[in-house]
Structures are given as structure tokens and as C-alpha cells.
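Breakdown of the fold
The chain contents come next:
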Amino acid sequence: MGKGLWGYSLGKNVKCLMKSFVKYLPTVGWSFWFSDYTFLKRSFDQDHKRLTDSAQLWTSYDFPWTVCLFAEGTRFTEEKHQKSLEYARKKGLPELKHHLLPRTKGFNFILHEVKDHVPAVYDITFGYPHGSLTLLDLVKGKKMYADVNIKKIPVSDIPTTSEEETSAWLINLFKQKDDLVEYHSVHGRFPTTRLDLPSRPYPTAIMTMWFLLLLSPFLYYVYDLVVAVEYWKLITLGIILLAAHFGMRLLMTVTEVQGSQQPAKKDS
């Protein structure tokens, strides 16, 4: 799926708009909450104040920032895709094969609030040569290969004189994104210059260090229980860990996206 990533400096001090229930996910959701992410209920009447407060907060920063917006607003499923197609036919809009029609109201509102503070919108489109994976697949350790197409669009090039013009621009952008993904699904690459980035061992090394550091007290506690022969505490701890494990798997299943991208058909 494609995502719009935009702000003053791409990739720095990222702030995202997310569904409200995500903040309740253990560890991950809490970290998003502490990072000042904006959690929405997907009802503009309820979200208006949150979006206004967030925009005022972002524009008050004295450092570069980036806002990540998923304009489709929800997961891609076959049922939602069919509804999107029906709506497109009814309104005479482009029928997208790999995306849902974007929700334009939130994009319009945020762009209007921050357009004097950001120089560009960065349109990000993902292509998966071997098919897309779910969050659960990644947790299981499956490798994911992805191509990323990045397009910088100056804010001055986006029509903002009326909500209708901006909405039409966004829908047309998603039609271009859909064509890109279709090209990638056939050829296994985007029709642009390819740049292969070298892998960096440092993030993995740092993550491993923090994992071991945070896990050390827990391992010491388990060792202490074994030495003290307190098996009932070990059994209780095991039950708690199993419950947490299956709870996380259930949450990941709930947030799972039924991707539209199948493994690419390579050029012959």
C-alpha cells in the first residue's frame, strides 16, 4: 500500500495519524502515545479538535518534523475494495485496483493548517517483489523485500484554493500510485531509476543491545526462581507469558492488512 509521508524534512521527528485503538497496543502503542502521535476515531466531527491541536503543536516546533498520513484511512480488504469500486463508479471517479479511494477531508484540513510551514509533500509508494507480508509474518522472522518509490511534490504545486480542487488532486495522485503498483506487479520494479541502499548493521546491533539489556533482569529473576525451587511461581509466570503471547497474536490478526499485491511477474 502507498503512504503519504510529508513535512519539513523527510524522515526526521516523524509524527503519524493513527486509529485510536493502536495506542492501547502493549509497548508499541504506548511508544506512539509518548511520541505525540495523533490518534483518531475516523469521525471528522470527533477528530476535528484533535487534528487542530496536533497541527498547532507541529507548527510550534523549532526543529524539522515530518507527518505521516495514510490517506486511505483503513486497511485494504477485498470487501472494502469492492465498496470503494462501487463508490467510484457511482461518483465517476477512477477505479483503483491496488488501493482504496483516499479520504480527502482529513488531508484537506491538515494541508490547510500546515501549508505555510512545509515546503513539500512526499508521496511514498511501496512495491513488494515477493508479495506483501503481515505484521505477524514479520514477528515470525520472515524476510520482506520492498521497493520504495518516492516523489517530492512542492506544496506550491498543489491546488489549495478550494477543497474540491485539492480533493481532485489527491484522487488523481492515487490513480498515479495505482498505475505504479500495477507496473511493479507486472515487471517486478518501478519505471524509475533504481537505487539499491546498502544494509546497515548498526540498527540491528543497537536493537539487540537494548533487547539484552532489558531482558537481563527478567532472565535473572527466572534463574532466581529455578535456584529457589519456586515452581509454582514459574508456572504462573509461564501462564502470564503465554497469555501475553496469544494476546499479541490476536491483536496482530485484528490489525492485519489483506494486501492486494501478489508476487511480481518478472519481465521475460
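Note that the structure is predicted; figures quoted are calculated from it, not measured.

Glancing now at the overall build of the chain. Looking only at helices and strands, the chain features eight helices and six strands. By sequence separation, contacts in the chain at least 24 residues apart represent 70% of the contacts at least 6 residues apart. Approximately 17,100 Å² of the chain is accessible, and the part contributed by carbon and sulfur atoms is 61%.

In strand S4 (residues 66-69), alternate side chains face the same way, and those of Thr 66 and Cys 68 on one face and Val 67 and Leu 69 on the other are all buried. Sheet topology note: the strand S2 (residues 14-19)/S4 ladder contains three bridges and is parallel. By the bridge assignment for S4, Lys 15 is matched with Val 67.

You will see that Asp 36, though not glycine, has its phi angle at about 65 degrees, which is positive. Relative to the helices and strands, Asp 36 is located in the loop between helix H1 (28-34) and strand S3 (38-40).

Below, the discussion takes up the environment of Ile 158. With respect to the helices, strands and loops of the structure, Ile 158 is situated in the loop between strand S6 (147-154) and helix H6 (163-187). Taking the C-alpha atoms as reference, Ile 158 lies 9.7 Å from Leu 111; in sequence the two are 47 residues apart. Filtering out sequence-adjacent residues up to four positions away, Ile 158 remains in contact with Leu 111, Val 121, Ile 153, Thr 166 and Trp 169.

Before going further, it helps to examine the environment of Pro 191. The residue Pro 191 is located in the loop between H6 and helix H7 (201-227) in this model. Between the alpha carbons of Pro 191 and Leu 180 there is a distance of 7.7 Å; along the sequence they are 11 residues apart. If sequence neighbours within four positions are ignored, Pro 191 has contacts with Leu 180 and Tyr 183.

Attention now moves to helix H2 (residues 44-60). In a regular helix each residue adds 1.5 Å, so 17 residues correspond to 24 Å; H2 covers 23 Å between its end C-alpha atoms and thus fits that length. Every buried residue of H2 is listed here: Asp 47, Leu 51, Thr 52, Ser 54, Ala 55 and Trp 58. Looking at the packing, one finds that the buried side of H2 touches S2, S3, S4 and helix H4 (104-114).

Our focus in this paragraph is the pattern of salt bridges. Inspection of the entire model under this criterion finds 10 salt bridges. Between Lys 83 and Glu 79 there is a salt bridge, and its shortest N-O distance comes to 3.7 Å. With Lys 83 and Glu 79 both in helix H3 (residues 78-91), this residue pair falls four residues apart, about one helical turn. For the pair Lys 83 and Glu 79, a shared accessibility class is recorded, and that class is exposed. A salt bridge links Arg 194 to Asp 196, with the nearest nitrogen and oxygen atoms 2.9 Å apart. By the burial criterion, Arg 194 is exposed, and Asp 196 matches it. If you follow the salt bridges from partner to partner, you end up with Asp 147, Arg 194 and Asp 196 in one network.

In this section: the packing of H2 against H4. When two helices pack together, their arrangement is given by the angle between the helix axes and by the axis-to-axis distance. Between H2 and H4, whose axes approach to 10 Å, the crossing angle comes to 30 degrees. Relative to H4, the element H2 is oriented roughly parallel. Of the two possible hands of crossing, H2 and H4 adopt the one that is right-handed. Within the contact between the two elements, H2 uses Phe 44, His 48, Leu 51, Thr 52, Ala 55, Trp 58 and Thr 59 and H4 uses Lys 105, Phe 109, Ile 110, Glu 113 and Val 114. A breakdown of the residues in the contact of H2 with H4 according to their chemical character gives seven nonpolar, three polar and two charged.

Conventions and cut-offs
- Residues numbered from 1 in each chain as written.
- Predicted model: local features only at pLDDT ≥ 70, side-chain atom pairs only at ≥ 80, totals over all residues.
- Heavy atoms only, no water.
- Helix = DSSP H or I, 4+ residues; strand = E, 2+ residues; numbered from the N terminus.
- Contact = heavy atoms within 4.5 Å.
- Areas by Shrake-Rupley, 256 points an atom, 1.4 Å probe, with all protein chains shown as cover.
- Buried < 20%, exposed > 50% of the residue type's maximum accessible area, 1.4 Å probe, protein only.
- Pairing = 2+ DSSP bridges.
- Expected span 1.5 Å × (residues − 1).
- Salt bridge = Lys/Arg side-chain N within 4 Å of Asp/Glu carboxyl O.
- Axes fitted to C-alpha atoms, helices over the stretch in contact; angles between N-to-C directions.
- Parallel < 35°, antiparallel > 145°, perpendicular 65-115°, else oblique.
- Left-handed = near helix turned anticlockwise from the far one by under 90°.
- Nonpolar A, V, L, I, M, F, W, Y, C, P; charged D, E, K, R; others polar.

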